[in-house]
Amino acid sequence: MTNLTRYTTADLSTLLDRITRNSIGMDEYFDRLFHLHETTSNYPPYNLVTVSNVESRLELALAGFKKKEVNVYTQDGKLFIEGQKEDKETETNYLHKGLAQRSFTRAWTLSDDTEVRSVDFEDGLLTITLGKVIPDHHKRKDWF
């Protein structure tokens with residue numbers, strides 16, 4: 001016989017309680033997993049592209065934003081991207097307004113071995129290159 005138990009999404013809280021109760025020294029890891037910084041909006045749209053097994057690229061469509069209106073920073077293992085749209089005094093009468101140009105904040109939790117390598121903003125596309133940090137003892141070494 002086996003001691004494996006199947007859990008469904010309804011039993012998720014029970015499973016998480018058993019995991020946290022039976023683990024020592026993993027509090028920070030589970031806090032990051034269970035309390036992810038989530039945003040409720042899917043604005044602005046973005047792509048996450050796998051470039052290689054050690055590099056990814058995050059692309060955000062920021063049509064209508066200027067470089068000075070965008071702020072990208074990392075803090076406490078998270079990548080934050082904020083856009084503050086300047087308020088325009090003129091009232092424009094739109095027949096159709098399909099381009100959303102509102103202020104936003106998006107955040108992604110980064111793993112401990114992921115770093116931001118470069119940030120570029122060109123033609124309304126914010127591109128962030130993310131890389132995996134590989135320790136020297138895990139890197140490939142060619143001896144012959």
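Numbers given to residues run from 1 along each chain, matching the order in which its sequence is written. Owing to the predicted nature of the model, reporting of local features is limited to residues with pLDDT of at least 70; listing and counting of side-chain atom pairs is limited to 80 or more, with chain, interface and lining totals taken over all residues. Water and hydrogen atoms were dropped before computing side-chain values, which therefore reflect all heavy atoms in the structure.

A. Summary view of the pattern of salt bridges. Salt bridges are defined as contacts in which a side-chain nitrogen from Lys or Arg sits within 4 Å of a carboxyl oxygen from Asp or Glu. This model, assessed by the stated rule, comprises 6 salt bridges. A salt bridge links E55 to R117; its shortest N-O distance comes to 3.8 Å. Of the two residues, E55 sits in strand β2 (residues 55-61) while R117 sits in strand β6 (residues 114-122), which places them 62 residues apart along the sequence. Throughout, exposure labels follow a simple rule: accessible area from a 1.4 Å probe, protein chains only, divided by the maximum for the residue type, with under 20% read as buried, over 50% as exposed, and the rest as partly exposed. For R117, a relative accessible area of 40% puts it in the partly exposed group. Secondary structure elements follow DSSP: runs of H or I of four or more residues count as helices, runs of E of two or more count as strands, with numbering from the N terminus.

B. Here's a closer look at the packing of aromatic side chains. Planes of paired rings set the category: under 30 degrees apart is stacked, over 60 is edge-to-face and the rest tilted, where pairs are Phe, Tyr or Trp rings (Trp by its six-membered ring) whose centres lie within 6.5 Å. Evaluation of the coordinates by the stated rule reveals 4 aromatic pairs. Here Y43 and F104 contribute two aromatic rings whose centre-to-centre distance is 5.9 Å and whose plane-to-plane angle is 90°, an arrangement assigned as edge-to-face. Highlighted residues: Y43 in the loop between α2 (27-34) and β1 (46-52) and F104 in strand β5 (residues 104-109), separated in sequence by 61 residues. Of the two residues, Y43 and F104, neither departs from the other in class, the shared state being buried. Geometrically, the ring pair formed by F65 and F104 is edge-to-face, given 5.5 Å between the ring centres and 85° between the ring planes. Linking F65 in the loop between β2 and β3 (70-75) with F104 in strand β5, this pair joins segments that are 39 residues apart in sequence. Assessed through its relative accessible area of 6%, F65 is described here as buried. F104 sits in the buried class, given a relative accessible area of 6%. Through a chain of ring-to-ring contacts, the aromatic side chains of Y43, F65 and F104 assemble into a single cluster.

C. Summary view of the nonpolar core. L62, I81 and L126 are the most contacted members of the largest nonpolar core, which totals 15 residues. Secondary-structure elements contributing two or more residues to this core are β2, β4 (78-83), β5 and β7 (125-132). Sort the elements by how many residues they give to this core and β7 lands first, with 3 residues. Joining through side-chain atoms within 4.5 Å is the link that ties buried Ala, Val, Leu, Ile, Met, Phe, Trp, Tyr and Cys residues into a set, and such a set is a nonpolar core.

D. Representation of the pairing of β6. Only strands joined by at least two bridges in the DSSP assignment are considered to pair. Looking at chain direction, β6 and β7 are connected through 8 bridges and run antiparallel. Pairing of D120 across the sheet is with T127, part of β7. Linkage of β6 to β7, two consecutive antiparallel strands, is achieved through a turn of 2 residues, within which D123 is found at a positive phi near 55°.

E. Summary view of the sheet that holds β6. A sheet is described by the order of its strands in space; here 4 strands give the open sequence β1-β2-β7-β6, paired in antiparallel fashion. Looking at the sheet topology across the chains shown, the edges are occupied by β1 and β6. Across the sheet, the mean angle separating the axes of adjacent strands is 20° when strand polarity is ignored. The pairing of β1 with β2 spans 6 bridges and is antiparallel. Considered in β2, the bridge of T50 is made with S56. Note on method: axes are straight lines fitted to C-alpha atoms, helices fitted across the in-contact stretch only, with angles between N-to-C directions ranging 0 to 180 degrees.

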